[in-house]
Amino acid sequence: AQKVTQTQTSISVMEKTTVTMDCVYETQDSSYFLFWYKQTASGEIVFLIRQDSYKKENATVGHYSLNFQKPKSSIGLIITATQIEDSAVYFCAMRDGGNYKPTFGKGTSLVVHP
Amino acid sequence: DTTVKQNPRYKLARVGKPVNLICSQTMNHDTMYWYQKKPNQAPKLLLFYYDKILNREADTFEKFQSSRPNNSFCSLYIGSAGLEYSAMYLCASSREGRYEQYFGPGTRLTVL
């Protein structure tokens, strides 16, 4: 069974700094996919970035990047040069390769102060 | 275009009455999902369609129904709403080989 754990319930940072959000996962499958999503104040959930388990390179999209540590079953989200509009709840999620059912963590609330 | 649409955006229902929520996507995604989202909780998967095959979660099997008459459209049906059904209902879709999900804006359901 899949399990995703986000231990940080909330993080507060100053604008233009770098923040890292933690996520650890459990799976029995050797092939899996890891995701980060952002929930905006309106409640909408937006896909940010994805890491495939077989890829050694950390994924990067814009000012989002991942710190994939496969031996530790860890997939951290790094946001560089944070902006006020990055304030949101961030969800880590995973999906096994042969499974259509994603599993989400409980989310980390990020507040970016000016 | 990665748009998933949901209707209505807000729904007020009475206890014991049925509720029908609508979702559509024009991305030709083969899988469509319904989630229930409550504050400070992870999205809870209720059911999903892979093509025409419906998969319902064991703990919500009897509470929610769904239909997918074509690739673009999916509904969520609650036969008898209870107070505990008050939540945000999120529809999402994904394409085989891509795996990430695209979410709609959600329907905020309030049961009184």
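See above for the structure.
Described below are features of the structure shown in this document. Within any chain, residue numbers begin from 1 and follow the written order of that chain's sequence. Here the convention is simple: chains get letters from A, ligands get numbers from 1, in the order in which they are written. This being a predicted model, a pLDDT of at least 70 is required before a residue's local features are given, and a value of 80 or more before pairs of side-chain atoms are given or counted; all residues contribute to the totals for chains, interfaces and linings. To get the side-chain values, take all heavy atoms of the structure and skip hydrogens and water.

Moving on to the sheet that holds strand S3 (residues 19-25) of chain B. All names here are of chain B. Pairing between strands is defined by DSSP: at least two bridges between the two strands are required. For helices the rule is a DSSP run of H or I covering at least 4 residues; for strands it is a run of E covering at least 2, with both sets numbered from the N terminus onward. Taken in spatial order, the four strands line up as S1-S3-S8-S7 in an open sheet, and their pairing is antiparallel. The open sheet has two edge strands, strand S1 (4-7) and strand S7 (64-70), and neither has a second partner. With strand direction ignored, the average angle separating the axes of adjacent strands in the sheet is 20°. Bridge count for S3 against strand S8 (residues 73-78) is six bridges, and the pairing is antiparallel. Residue Leu21 lies in a different strand from S8, and its bridge partner there is Leu76. Between N-to-C directions, angles cover 0 to 180 degrees, with each direction set by a line fitted to C-alpha atoms, over the stretch in contact for helices.

Residues and elements named next belong to chain B. Within the secondary structure, Ser93 sits in strand S9 (residues 87-94). Burial classification: accessible surface area is computed with a 1.4 Å probe over protein chains only, and a residue below 20% of its type maximum counts as buried, one above 50% as exposed, and the rest as partly exposed. Its relative accessible area of 0% is what places Ser93 among the buried residues. Any pair of nitrogen or oxygen atoms within 3.5 Å is treated as a polar contact; in protein, a donor-acceptor pairing is required on top of that, and neighbouring residues in sequence qualify only through side-chain atoms on both sides. Within the local environment of Ser93, its side chain forms a polar contact with the side chain of His29, the two groups lying 2.8 Å apart. The criterion used for residue contact is that any of the two residues' heavy atoms lie within 4.5 Å. Every residue in contact with Ser93, bar those within four places of it in the chain, is listed here: Val4, Gln25, Met27, His29, Thr31, Met32, Tyr33, Glu100, Gln101 and Tyr102.

With that settled, consider the state of the cysteines. In what follows, a disulfide is any cysteine sulfur pair within 2.5 Å. Summed over the entire model, instances satisfying the criterion amount to two disulfides over all chains. Here Cys23(A) is linked by a disulfide to Cys92(A), with a sulfur-sulfur distance of 2.0 Å. Classification of the bridge connecting Cys23(A) and Cys92(A) rests on its S-S torsion, roughly -75°, and on that basis the disulfide is left-handed. Of this pair, Cys23(A) sits in the loop between strand S3 (19-21) and strand S4 (24-26) while Cys92(A) sits in strand S10 (residues 88-96), placing them 69 residues apart in sequence. Cys74(B) forms no disulfide, and the closest cysteine sulfur to it belongs to Cys91(B), at a distance of 6.0 Å.

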